[in-house]
Amino acid sequence: MFNGNVINKTYVYDGTFEGLLSMVFDCYIKKVIPLRIVSKDNLKINFLDSIQEIETDNIKAKRIFNGIYKNISYDTLYNSYYAFLSEAKEKEINILKYILNGFAVGPKINTMLSLDFVFAVCSMRKRMLGEAHRFKRFTSFF
């Protein structure tokens, strides 16, 4: 499992999947996991929060994208992306933990549903694909 320290910081990113992958890169290098992750759109400032803004870096995002595909699995990339598209609370922190632990254990991360973040990501993906299917069926009437 990923041996990162949980730090008392709130990471703020631009709300894109590339921004989230850039954050994964920084967390992997620094071996840390933030307490909270929020997008700039949903930022509610609390005077007790220590905020760190993570800039989107397409080179870092591409390295993580390729690393997930080569070292973990296509399914992990698929699950992460569709979970990201969901509107679930705390989706970013669950995806972050899912990917970081995936780098530690490899493809078997997708079978470790007893871990809360793996279960959450798989549930978000399933819910998102169900919503997309219902939307397609709804628009087929027009």
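Our subject is the structure that appears above.
Below, the structure is looked at part by part. Along each chain, residue indices are assigned from 1 in the same order as the chain's sequence is written. A pLDDT threshold of at least 70 governs which residues receive local features in this predicted model, and a stricter bar of 80 or more applies before side-chain atom pairs are shown or counted, although totals over entire chains, interfaces and linings include all residues. Think of the side-chain values as coming from all heavy atoms in the structure, minus any hydrogens and water.

### Side note on the sheet that holds strand 3 (residues 51-53)
So, point 1. Taken in spatial order, the three strands line up as 2-1-3 in an open sheet, and their pairing is parallel. Every other strand in the sheet has two partners, leaving strand 2 (32-39) and strand 3 as the edge strands with one partner each. Recorded for the sheet is a direction-independent mean angle of 40° between the axes of neighbouring strands.
So, point 2. As paired strands, strand 1 (residues 5-13) and strand 3 are joined by three bridges and run parallel to one another. Within strand 3, the residue paired with Tyr 11 across the bridge is Gln 52.
So, point 3. Throughout, a residue-residue contact means that at least one pair of heavy atoms, one from each residue, lies within 4.5 Å. Note on definitions: angles span 0 to 180 degrees between N-to-C directions of axes, and those axes are lines fitted to C-alpha atoms, for helices only across the stretch in contact. Secondary structure elements are defined from DSSP: runs of H or I of at least 4 residues count as helices, runs of E of at least 2 residues count as strands, and each element is numbered from the N terminus. Packing against the sheet, helix 1 (residues 17-30) makes contact with strand 1, strand 2 and strand 3, and its axis sits at approximately 155° to strand 1. Strands qualify as paired when DSSP identifies two bridges or more between them.

### What about the environment of Tyr 13?
So, point 1. Within the secondary structure, Tyr 13 is located in strand 1.
So, point 2. With relative accessibility at 1%, the residue Tyr 13 sits in the buried group.
So, point 3. Residues Tyr 13 and Tyr 28, spaced 15 residues apart in sequence, show a C-alpha to C-alpha distance of 16 Å.
So, point 4. Setting aside anything within four residues of it in sequence, one finds Tyr 13 in contact with Gly 19, Leu 20, Met 23, Ile 37, Val 38, Ser 39, Lys 40, Ile 54, Phe 84 and Glu 92. Only protein chains enter the area calculation, which uses a 1.4 Å probe; residues under 20% of their type maximum are buried, those over 50% are exposed, and those in between are partly exposed.

### Remarks on the packing of helix 2 (residues 58-72) against helix 4 (residues 91-105)
So, point 1. Contact geometry for helix 2 and helix 4: axes closest at 10 Å, N-to-C directions at 45°. Classified by the angle between their axes, helix 2 and helix 4 sit oblique to one another. As for the relative orientation of helix 2 and helix 4, their crossing is left-handed in sense. The residues of helix 4 that touch helix 2, namely those facing Ile 64, Gly 67, Ile 68, Asn 71 and Ile 72, are Ile 99, Gly 102 and Phe 103.
So, point 2. Each residue gets one label: Ala, Val, Leu, Ile, Met, Phe, Trp, Tyr, Cys and Pro are nonpolar, Asp, Glu, Lys and Arg are charged, and the others, such as Gly, are polar. Residues that form the contact of helix 2 with helix 4 fall into these classes: five nonpolar, three polar and no charged. Roughly parallel here means an angle under 35 degrees, roughly antiparallel means over 145, roughly perpendicular means 65 to 115, and every remaining angle is called oblique. Take the far helix as your reference; a near helix turned counterclockwise from it by less than a right angle gives a left-handed crossing, and one turned clockwise gives a right-handed crossing.

### Re the pattern of salt bridges
So, point 1. Any carboxyl oxygen of Asp or Glu within 4 Å of a side-chain nitrogen of Lys or Arg constitutes a salt bridge here. Using the criterion set out here, one finds two salt bridges in the structure.
So, point 2. Between Lys 60 and Asp 26 there is a salt bridge whose closest N-O contact spans 3.0 Å. With a gap of 34 residues between them, Lys 60 in helix 2 and Asp 26 in helix 1 connect regions that are remote in the sequence.
So, point 3. The exposure class of Asp 26 is buried, given its relative accessible area of 13%.
So, point 4. Residue Lys 40 pairs with Glu 53 through a salt bridge whose shortest N-O separation is 2.8 Å. Remark: Glu 53 occurs in strand 3 and Lys 40 occurs in the loop between strand 2 and strand 3; sequence separation between them is 13 residues.
So, point 5. Taking relative accessible area as the criterion, Glu 53 reaches 43% and is therefore assigned partly exposed.

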